[in-house]
Amino acid sequence: MKATLTMPRPIRQLPVELANQIAAGEVVERPASVVKELLENSLDAGATRIEISISRGGLQEILIRDDGRGIPQAELPLAISRHATSKITNLKELENIHSLGFRGEALASIGSVSRMQLLSCCEGRTDAWQIDCNNDDLSVQAASHPVGTSIIVRDLFYNTPARRKFMRAEKTEFRYIDEVVRRIALSHFNVGFTFKHSDRLVYQLAPADTETAQNQRVAKLCGKAFMEHAVQIDFSAHGLRLWGWITGPEFSRSQNDLQHFYVNGRIIRDRLISHAIRQVYQERLYPGRHAAYLLQLEIAASVVDVNVHPTKHEVRFREARMVHDFIHHSLCEALSGSLTNTAPVNTGWNQGGRPQIYASPAYAPANYAPAKVSEAVKGFNYPLGQAKALLLEGFIMAESKQGLVLVDVRRAQKMLLFQKLNQALDAGGIRNRPLLIPKSISVTAKQAIMVEKSQAILKQLGFDLSCNGPESVMLRMIPVVVAGADVEQLVNCLLEKDITQQQPRDLLPFIANIAAETQSQQDSPDELNRLLREIETLNAPSLWRCFTAQELYSLINPV
């Protein structure tokens, strides 16, 4: 229904209270947003120990106590005012941000939607002071408090019931806060953290000043399994440094919950960086699997703009291409080295500051003894050799210099399809082709409505799919790369997901899996050899196994 005003209204200045609550919507999305802003303030104040205590998922109370520099008595009223900050004073400093927070809006926004109290004592002083945001006079009162600052936020959204009713269950809000605390603790190892929920200790982290202590913190927050498969990396070149922990393809996950990336200690979600990392892993991971990593990028503050989003989750680089290539090159170097090189290494950048072209080493199976093979294969230099047969419609048997090779063709096809779909989407769109005869597919009424709402997503995925009735859709075009698959089954499986809530890229692994499972497999020698050449480009040795003559003999004649 279109909203209209019943009568013209004059333009007026918004009341301060209303303007503050509207501005709070940019900063205070939920209790986790409050915790993030207050923790960043504590870190900017030089805190070495921070205590976080919450009640009822943060909706009833949030307490953040630190041992930072504190706030002088005269500055307490300014601290809770909008556009008041000690972190920048002019435009030049705005272009060279070194602090996590800088806008001067967090405390004012939080105070406008809660009952907030601030207590502080400056270093070198014994007198402490407090101010209550819910008092109209904003008077400063004497208090008892150690050096540092405590901020207590009670009854969040008490005066904005419309916002409060959109909050999730207490357990859900707690999980959001827990994620914020974990992410910040993983980027500031020199700070100790104590986290409590409803007077129950969740975890306590001592400052991690040594490599061993840092590894212990990562293991505690990311899991022992992560650390068992992770290796520490450190790459530097021309003012850029990338360090942290990465895992190889053997530790892939079904979701992206162990992907942490920071720029100068700031948690960020950046499409440029995500693209660089995804390109590195997409050829090494099975479709639908996600890499796990904890990475920190250090870069001069003057060449990165953090003032592009109210929550400061996004950044913009002055030399975006250089940053992308540096990250891509560094991770390729680490992964191609089988994750064995943990010392700082030369990334191979030239003196001009631009990355040289990186070439992955050709695959060469290790620890396989030479086997006697037929004359037809001698001199045949392809890693997977020459196809001999298709077994059980799921494995290609080939003969190479190293011996007999068995290739898991179904898994390989899923990876190849995912790669092709992903590359096509990056290139601007997935190419499609019309069906010789449009296909009518029966669906539920709910699915038909979903098709109508998802036309933009379906078009990006290469499908021309439209409603043909209350419980029927018409398929006219499909992606070229899924030709040969059971398109009716593919569409039915796709519509079982709520695609209206998905991004096109998130659906690519699913499409690749279904298409590969339903594609008919050609068994002609030329087609099988063509497929082997494609599989070799994946550089994924887990897809095949080479049996030497001695190994085959042992299988047939066990001792």
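From a predicted model like this one, the values you see are computed outputs, not experimental measurements. (Residues numbered from 1 in each chain as written. Predicted model: local features only at pLDDT ≥ 70, side-chain atom pairs only at ≥ 80, totals over all residues. Heavy atoms only, no water.)

**Some remarks on the sheet that holds strand β1 (residues 49-55)**
Threshold: Only strands that DSSP links by at least two bridges are regarded as paired with each other. Helix and strand definitions here come from DSSP, where helices need a minimum of 4 consecutive H or I residues and strands a minimum of 2 consecutive E residues; each element is numbered from the N-terminal end. Here, axes are lines fitted to C-alpha atoms. For helices the fit covers the stretch in contact, and angles between N-to-C directions go from 0 to 180 degrees. It only takes one pair of heavy atoms within 4.5 Å for two residues to be counted as in contact.
In space, the 8 strands of this open sheet follow the order β5-β4-β3-β6-β2-β1-β7-β8, with mixed pairing throughout. Edge positions in the open sheet fall to β5 (140-143) and β8 (200-205), since each of these has one partner strand only. With strand direction ignored, the average angle separating the axes of adjacent strands in the sheet is 15°. Where β1 lies against strand β7 (residues 192-197), 6 bridges are found, and the strand directions are parallel. Of the residues in β7, the one forming a bridge with isoleucine 50 is phenylalanine 193. Of the strands in this sheet, β1, β2 (61-66) and β6 (148-154) touch helix α2 (residues 31-44), which is tilted by about 10° from β2.

**Observations concerning the pattern of salt bridges**
Our working rule: Whenever Lys or Arg places a side-chain nitrogen within 4 Å of a carboxyl oxygen from Asp or Glu, that contact is recorded as a salt bridge. A simple rule labels every residue: compare its accessible area, found with a 1.4 Å probe on the protein chains alone, to the largest value its type can have, and call it buried under 20%, exposed over 50%, or partly exposed in between.
In total, this model carries 15 salt bridges according to the counting rule given. In this structure, aspartate 234 engages arginine 241 in a salt bridge whose closest nitrogen and oxygen atoms are separated by 2.7 Å. Take aspartate 234: its relative accessible area is 16%, and that puts it in the buried class. Judged by relative accessible area, which is 27%, arginine 241 ranks as partly exposed. Each of Glu29, Arg30 and Glu173 takes part in a single network of salt bridges with overlapping partners.

**Remarks on helix α17 (residues 525-536)**
Applicable threshold: What a helix is expected to span follows from its residue count: subtract one and scale by 1.5 Å.
End to end, α17 covers 17 Å across 12 residues, agreeing with the expected 16 Å (1.5 Å per residue, within 8%). Every buried residue of α17 is accounted for by Leu528, Asn529, Leu531, Leu532, Arg533, Glu534, Ile535 and Glu536. Of the surrounding elements, those touching the buried residues of α17 are β17 (386-391), β18 (395-399), β19 (404-408), α12 (409-426) and β23 (544-547).

**Topic: the nonpolar core**
Stated precisely, the cut-off is as follows: Within this scheme, the nonpolar core is defined by two criteria: the residues are buried Ala, Val, Leu, Ile, Met, Phe, Trp, Tyr or Cys, and they are joined through side-chain atoms within 4.5 Å.
In terms of nonpolar packing, the biggest core is built from 60 residues, with Val35, Ile50, Ile52, Val153, Val218, Phe226 and Trp245 touching the most fellow members. Listed in part, the 34 residues of the second largest apolar core include Leu421, Leu461, Leu494 and Leu507.

**Some details on unusual backbone geometry**
Despite not being glycine, arginine 56 shows a phi value in the positive range, around 50°. Following the sequence through the fold, arginine 56 ends up in the loop between β1 and β2. You can call arginine 56 partly exposed: its relative accessible area is 41%. Positive phi outside glycine occurs at serine 198, with the angle close to 50°. Among the structural elements, serine 198 can be located in the loop between β7 and β8.

**What to know about the packing of α2 against helix α7 (residues 170-185)**
For the record, the criterion: Roughly parallel here means an angle under 35 degrees, roughly antiparallel means over 145, roughly perpendicular means 65 to 115, and every remaining angle is called oblique. Note on convention: the crossing is left-handed when the near helix lies turned anticlockwise from the far helix by less than a right angle, right-handed when the turn is clockwise. Gly is put with the polar residues, along with every residue not named as nonpolar or charged; the nonpolar set is Ala, Val, Leu, Ile, Met, Phe, Trp, Tyr, Cys and Pro, and the charged set is Asp, Glu, Lys and Arg.
At a minimum axis distance of 8 Å, the contact between α2 and α7 shows a crossing angle of 25°. The angle between α2 and α7 places the two elements in the roughly parallel class. Remark: the crossing between α2 and α7 carries right-handed chirality. Here α2 contributes Pro31, Ala32, Val35, Lys36, Leu39 and Leu43 to the contact with α7, which in turn contributes Glu173, Tyr176, Ile177, Val180, Val181 and Ile184. Here the residues of the contact of α2 with α7 are counted per class, giving 10 nonpolar, no polar and 2 charged.

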